[in-house]
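So the chains spell out like this:
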Amino acid sequence: MSALQRKLMRDLIRLWPQALAIALVMAAGAATLILGVGAHASLSDTRSAYYERNRFADVFATLTRAPKILADEIGRIPGVSAVDVRIQKTALLDLPDMVEPASASIVSLPDVQPQRLNILYLRSGRLPVAGDEREAVISEPFAKAHGFDLGSTFQAILNGRKRSLHVVGIALSPEFIYALGPWDIMPDDRRFGIVWMSEKTLAAAYDLTGAFSSVALKLLPYASEGAVIEQLDTLLNRYGGLGAIGRKDQTSHAFLDAELKQLEAMSRILPPIFLVVAAFLVNMTLTRLITLEREQIGLLKAVGYGNMAVGLHYLQFVSAIAVIGAAIGIAAGIWLGGGLTRMYSDFFHFPFLVFRIDPATYLLAVGTTVISAVLGAWQAVRGVVRLPPAVAMTPPAPTQYRQFLVTLYRALGRISQTVTMVVRHLSHGWIRTASSVLGIALAGAILVGSLWSFDSVDFMIDVTFHQADRQDATVSFTQEEPYAALYEVARLPGVLRAEPYRSVAVKLRHGHVERRAAVTGKPPGTDLSRVLDQHFTPVRLPESGIVLSDMLARILDTQVGDLIEVELLEKNRRVVEIPVTAIIQGYLGLMSFMDIDALNRLVREGTVISGVHMIFDEEQRVPLLQELKQIPAASFVALQRISLQKFRETLAQNILVMITVYVSLAVIIVFGVIYNFARISLSEQGREIASLRVLGFTRTEASSILLAEIFLIVALAQPLGWLIGSGLAYMMVKGFESELYRVPLVLEPRVFAESSLIVMGAALVAALIVRRRIDRLDLVEVLKTRE
Amino acid sequence: MSAATLRTKGLAKVYRTGAVEVTALRGVDFEAREGEFIVMLGPSGSGKSTFLNIVGGLDQATSGEAWFQEHNLTTMDERGLTLYRRDHVGFVFQFYNLVPSLTARENVSLVTEIARNPMKPEEALSLVGLEQRMDHFPAQLSGGEQQRVAIARAIAKRPEVLLCDEPTGALDSRTGVKVLEALLLVNRELRATTLVITHNAAIREVADRVVSFGDGRILSVSVNAERKPASAISW
Ligand SMILES: Nc1ncnc2c1ncn2[C@@H]1O[C@H](COP(=O)(O)OP(=O)(O)OP(=O)(O)O)[C@@H](O)[C@H]1O
Ligand SMILES: [Mg+2]
């Protein structure tokens, strides 16, 4: 090892606390990068491989009933490479280990040839024997949630008839990586599963012999999805087609996409913040180090080291810190990545999901960290390079403080000598002061920018479940039922109140824009499931006209008073023009509402309902649920209270993890900035502070100069942090907005207060650590040493 | 008589700081032969350090010429000067300028690693009588010892030119004598042309020649007919 490398090593060891504080900030940058990029790559690579191997379809459509012969015609649509027709229904399950009713998506498996698309990944067991009435393959998460294994049995109501099903296989499917039950806000593997059965059996059960109710298509590469969907819709029109969708509207795919988008946003926002702060820290620390080592630099040049060699020495110093930081960050990133992947496997069900990082990502992490360090060092190192060897031999001129600022502050009133010192010192090293303020502000911004989302979720839950959909449960029928079904439900034990609804699949069109949506019909003055306007006050649905959620209205580019085209996708496929009478609040999906009678008139079907919302007496819960399980006409029973509770529990677990991560990230920044700032300040002002002590100032009085500087910096950073944090929150709201869901921007004062408290707490700890050094200042030593 | 190792002609230096101009050197003509030991005296601010810095390749002249052997220093670029310092010049400064995080031996290696024909660091250190303290850090050495490390560092490359700016300035008389002895020893052994700036008139007695500076010029040069050994002087 050369003498210069030895110096580098020893400098690193001597300055280890400062170097470590910087390295940790860099580590946070590298870790979030590894985590974001790694998780994104793992998730999307695993998904593509899974899609590829198990032939995930590109286009999906559901319909009432079409003859299987139509499959050939569908196959002839230009651009289609494979067609898979099947029967798909939702059915109620009666499970031995559960009081509440559960549901399943029941999907047929072809009897003759093997599956062509959305091929099952069989974990254990086998596929059902053709025509066997009892054999079923069930989804793995559902099996796990109930402890089902090969040979287990459970009951299902298929088309109103209860049957006992026998598990012969446990499988996963690329179609149901994220399996969300109807009306649910989060997957609940206990209450919703997938059941695959022989096509023959299901055809017999649902009266669909020789027919199908669902189709999946694989397209040729470069085929136009839009064109295929259009032709498929035309073909399926006569058969009650509900409108074909591409992958982007397929639930499982869309939720994975939303997650990928979040990961991408994370890896675009967080790492740069840390790397910028790291660059600031490198800059201020190195600038100070170089001032202290002026004479050594001069010496190196005097004895014949070139400018480049000396400059490089300092670049190596910061690069070494960066490499250490990146190494810590990579280790932390891999560890966190493992955790994130485990968290994902609760929601996303892949045959195999591991957090795997491409070597290029490591290179990216190390590379960006080193680059940020070098950029941060640049200005200081340029000073080193420029330093003429002769000038380096003479001690630096005494610092020239800005007289005018001091005069200004003096003029502002009688200000104590210490305040003068603080202000003078802060304004003298204004670059350092400014970058410290910005660093602390960014730490605050990370907190504001992450903590707000919990309030936002709360707000969304409050609006959605306490103000709009206030029901405890919703029973969805397999198909429309006469109004009398409402009274049957209302008569069940414990039902306190019941309200009907009608749901019709439609295409809404305005101008050139067209969207598939469901129109929900409700009685005019509902009390359970209410429609809220943009000021969160209940809306009375008008006798004619349609009400759109704001997202839908925005997509269709309509305003109140516009006429929009409504194409009914069920029964008669009429197209009617209806005026938009109100635009309402809605966070989940694309929603539209009409008066139930108006909707029924539109469909020309008489008074029918699609389901019933209810509230029930908690005391009667068990008998009620027992009854609900048995309703032959029901396909799904949503239990909003229970879902919400489960959602809150999961959220609470994840929130704890997330808060820990974000608070740690912010604390790392605050610590890095304050510790380095204080050490530099102490190194510059050690003599002044020691002089004060010699003059008889107490330790507290002497260290108050430094603490006051830190206090000022932290205080100045707060409003800036709030501002940047709010900006981040706004960007996230805009970035996450999709047709699936939308999060409201809710910024409670509490979030700002909490963020500031955390930042100030961390700053205080860092300051106290440095204060201990002041207390231990060796007065004689400090005064003796030459600056 | 051997050839001139260092030679200057009309060497001038003007420092400009903002609007203020300070003339540090106003035309210095000077020559030093191989192996000569020259002491430079003069009041503070008379331009001694400026002169030494220019002939040592640390600084550039405003006008005039400075030559090292047949190389014109005044026309050399930054790179050329660096190489000149690396290969031919040894410096000793008043405040030692050791790297505190390196031991005595490592401080010397700093130079031997980049020089063309260096001696071993150990050899240089034993020349100045520090063979026992080679693995000590500067903070563990006395001022005189530190200065001797600095001398060892300066001579380890076997320089043709050894330039010392107040090498005994921070030392007491006895320690100063030791440092001086070390300088004289290497001057003799390596035949390095040695220029020593000092405020200490007693030191003039050990020199071949004494150059007196005043107001940016050489005021007088005196040749010592007889050189005293360092042990014979004190202050
Ligand atoms: N970097 C500089 N910028 C401006 N003026 C300078 C600079 N270096 C030296 N001077 C001025 O040049 C003149 C000569 O300085 P120099 O350091 O050569 O004197 P010196 O003879 O070495 O004095 P001393 O015995 O005090 O070390 C002085 O007036 C000094 O103020
Ligand atoms: Mg001088």
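Residues numbered from 1 in each chain as written. Chains lettered and ligands numbered in written order. Predicted model: local features only at pLDDT ≥ 70, side-chain atom pairs only at ≥ 80, totals over all residues. Heavy atoms only, no water.

Per an unreviewed UniProt entry, chain B goes by the name Putative ABC transport system ATP-binding protein and belongs to Microvirga subterranea.

As annotated in an unreviewed UniProt entry, chain A carries the name Putative ABC transport system permease protein and is attributed to Microvirga subterranea. The Subcellular location (unreviewed entry) comment attached to chain A in UniProt states, word for word, "Cell membrane". (UniProt positions renumbered as here; feature names shortened; annotations may be inferred.)

It is worth spelling out the packing of aromatic side chains at this point. All names here are of chain A. In total, this model carries 20 aromatic pairs over all chains according to the counting rule given. Between the aromatic rings of F192 and F636, the centroid separation amounts to 6.4 Å while the plane-to-plane angle is 65°, which identifies the pairing as edge-to-face. You can see F192 sitting in strand 9 (residues 192-198) and its partner F636 sitting in strand 20 (residues 634-638), a full 444 residues away along the chain. For the pair shown, F192 and F636 are each scored as buried. Each ring, one from F255 and one from Y741, has its centre 6.3 Å from the other, and the planes form 20°; the classification is stacked. (Phe/Tyr/Trp six-rings, centres within 6.5 Å; stacked < 30°, edge-to-face > 60°. Helix = DSSP H or I, 4+ residues; strand = E, 2+ residues; numbered from the N terminus. Buried < 20%, exposed > 50% of the residue type's maximum accessible area, 1.4 Å probe, protein only.)

All names here are of chain A. Tracing the backbone through its elements, the reader meets P524 in the loop between strand 14 (513-522) and strand 15 (546-549). Judged by its relative accessible area of 28%, P524 is partly exposed. Excluding residues that lie within four positions of it along the chain, P524 makes contacts with R540, L541 and D595. (Contact = heavy atoms within 4.5 Å.)

Following the UniProt record, one finds the feature "domain: ABC transporter" (unreviewed entry) at residues 6-235 of chain B. The span residues 6-235 of chain B is 29% helix and 29% strand, and its two end C-alpha atoms sit 30 Å from each other.

The next point concerns the domain arrangement of chain A. Residue and element names in this part refer to chain A. Each domain of chain A was delimited in the assignment, giving domain 1 (1-64 + 254-396), domain 2 (88-207), domain 3 (429-470 + 641-787) and domain 4 (495-616). Distance between the C-alpha centres of domain 1 and domain 2: 47 Å. Contacts between the two partners involve 16 residues from domain 1 and, on the opposite side, 18 residues from domain 2. Summed over both sides, the interface between domain 1 and domain 2 buries roughly 1600 Å², with carbon and sulfur atoms accounting for 65% of that surface. It is N54, F347 and H349 in domain 1 that bury the most area against domain 2; as a group they hold 35% of the surface buried on that side. (Domains from an automatic or database assignment. Buried area = accessible area lost by both parts, 1.4 Å probe.)

One finds L286(A), M40(B), F51(B) and L195(B) to be the most contacted residues of the largest nonpolar core, which totals 171 residues. Here the element with the most residues in this core is helix 19 (residues 640-694) of chain A; it accounts for 19 residues. If you look at the next biggest cluster of nonpolar residues, it comprises 40 residues, including V128(B), A152(B), L171(B) and L184(B). (Core = buried A, V, L, I, M, F, W, Y, C linked by side-chain atoms within 4.5 Å.)

Our focus in this paragraph is the packing of helix 8 (residues 294-302) of chain A against helix 9 (residues 307-347) of chain A. Residue and element names in this part refer to chain A. Running from N to C, helix 8 and helix 9 point in directions that differ by 140°, and their axes come no closer than 9 Å. For the element pair helix 8 and helix 9, the recorded crossing hand is right-handed. Contacts from I297, L300 and K301 in helix 8 reach N307, V310 and Y314 in helix 9. Here the residues of the contact of helix 8 with helix 9 are counted per class, giving four nonpolar, one polar and one charged. (Axes fitted to C-alpha atoms, helices over the stretch in contact; angles between N-to-C directions. Left-handed = near helix turned anticlockwise from the far one by under 90°. Nonpolar A, V, L, I, M, F, W, Y, C, P; charged D, E, K, R; others polar.)

Moving on, we come to the sheet that holds strand 1 (residues 59-67) of chain A. Residue and element names in this part refer to chain A. Ordered in space as 2-10-1-11, the four strands form an open sheet in which the pairing is antiparallel. Edge positions in the sheet fall to strand 2 (80-86) and strand 11 (245-246), since each has one partner strand and no second. Summarising the sheet, strand 2 and strand 10 (residues 211-219) pair through six bridges and their orientation is antiparallel. Bridging across to strand 10, D84 finds its partner in A216. (Pairing = 2+ DSSP bridges.)

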